[in-house]
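So you can see what is in the structure, the chains are spelled out below.
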Amino acid sequence: MPASISRFAVPASLDELPEDIRSAILNVQEKAGFVPNVFLMLAHRPDEFRAFFAYHDALMERASDTLTKAEKEMIVVATSARNRCLYCVVAHGALVRIYSKDPLLADNVAINHHVADLSERHRLMLDFALYSSIELGEFSRAWQERLANVGFTLDDCWDIGAIAAFFSMSNRLVTLAGTPPNPEFYAMGRVPRSNVSDAS
């Protein structure tokens, strides 16, 4: 495994990893056709790997009241772009393209969602995500009312804020490690491919 995946230690091979982590990585590799670099970057600290992906899955895989998978990934891309995290913008931009079936959406969200062709719901969702992750993040009654007016429930508001907060942490870890995005992510959702996975 190339040292350029991280400024810190990475496993020399998957065989040296605990069985549960090795199995998780192999499952992702089977679905995606490659191993996302963030898995290898985190694998040198097994307890943190488990905690990170447990919380990731709890946020991103649970069924929200109204948030779709594409909307969740839009939150990740907007937050990651503001935090200048290349890995997460590229990797989760691929998922935005796949889930939304829109090859242009992720780029528009990453550059400037205020001028992108978005619905009022999506623009406000991303405004709140960035407010939660970058600014004060206080959940006022005014924010709750504005979000409710475009169809978000109270649980949705938690999800928006929690996803933005979690990926702000992820952005900082990836930046700390200097982990680059896998080349495969750049083409995902732009070119036809059968069995495209939702690896993160």
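Computed from a prediction, not measured in an experiment: that's the story for all the values here. Per-chain numbering applies: the sequence of each chain, read as written, is numbered from 1 onward. Whole-chain, interface and lining totals are the exception, using all residues; otherwise, since this is a predicted model, local features are given only for residues with pLDDT of at least 70 and side-chain atom pairs are given and counted only at 80 or more. Hydrogens and water molecules were not included; the side-chain quantities draw on all heavy atoms of the structure.

(A) Spatial organisation of the side chain of S133. Secondary structure elements are taken from DSSP: a helix is a run of H or I of four residues or more, a strand is a run of E of two residues or more, and numbering for both begins at the N terminus. With respect to the helices and strands, S133 occurs in helix α7 (residues 120-134). Definition of a polar contact: a pair of N or O atoms within 3.5 Å, with one able to donate and the other able to accept a hydrogen when the atoms are protein atoms, and with sequence-neighbouring residues admitted only if both atoms are side-chain atoms. A polar contact is formed between the side chain of S133 and the backbone oxygen of A129, at a distance of 3.0 Å. Contacts are assigned to residue pairs with any non-hydrogen atoms lying within 4.5 Å of each other. S133 has contacts with T79, A164 and S168, leaving out every residue within four places of it along the chain.

(B) Broad picture of the pattern of salt bridges. We define a salt bridge as a contact between a side-chain nitrogen of Lys or Arg and a carboxyl oxygen of Asp or Glu at a distance within 4 Å. On inspection of all chains with the given rule, the structure shows seven salt bridges. R50 is paired through a salt bridge with D47; the nearest N and O atoms lie 3.2 Å apart. Here D47 and R50 lie together in helix α3 (residues 46-60), a separation of three residues that amounts to about one turn. The partner of E71 in a salt bridge is R121, with the nearest N and O atoms 2.8 Å apart. In this pair, E71 sits in helix α4 (residues 69-82) while R121 sits in helix α7, placing the two residues 50 residues apart along the sequence. Residue E71 shares its accessibility class with R121, and that shared class is buried. The network of salt bridges with common partners includes D20, D47 and R50. Residue burial is assigned from relative accessible area. The probe radius is 1.4 Å, only protein chains are included, and a residue is buried under 20% of its type maximum, exposed over 50%, and partly exposed in between.

(C) Spatial organisation of helix α1 (residues 19-32). Here the expected length of a helix is defined as 1.5 Å per residue gap, with one fewer gap than residues. For α1, built from 14 residues, the straight-helix expectation of 20 Å at 1.5 Å per residue is met to within 8% by its first-to-last C-alpha distance of 20 Å. Among the residues of α1, I21, I25, V28 and A32 are the ones counted as buried. Summarising the axial view, the buried residues of α1 lie within an arc of 60 degrees, below the 170-degree limit, and thus occupy one face. Set apart from the buried face of α1 by more than 90 degrees, the exposed residues are E30 and K31. Residues of α1 that are buried make contact with α2 (37-42) and α3. Read the arc as the range of directions from the helix axis to the C-beta atoms.

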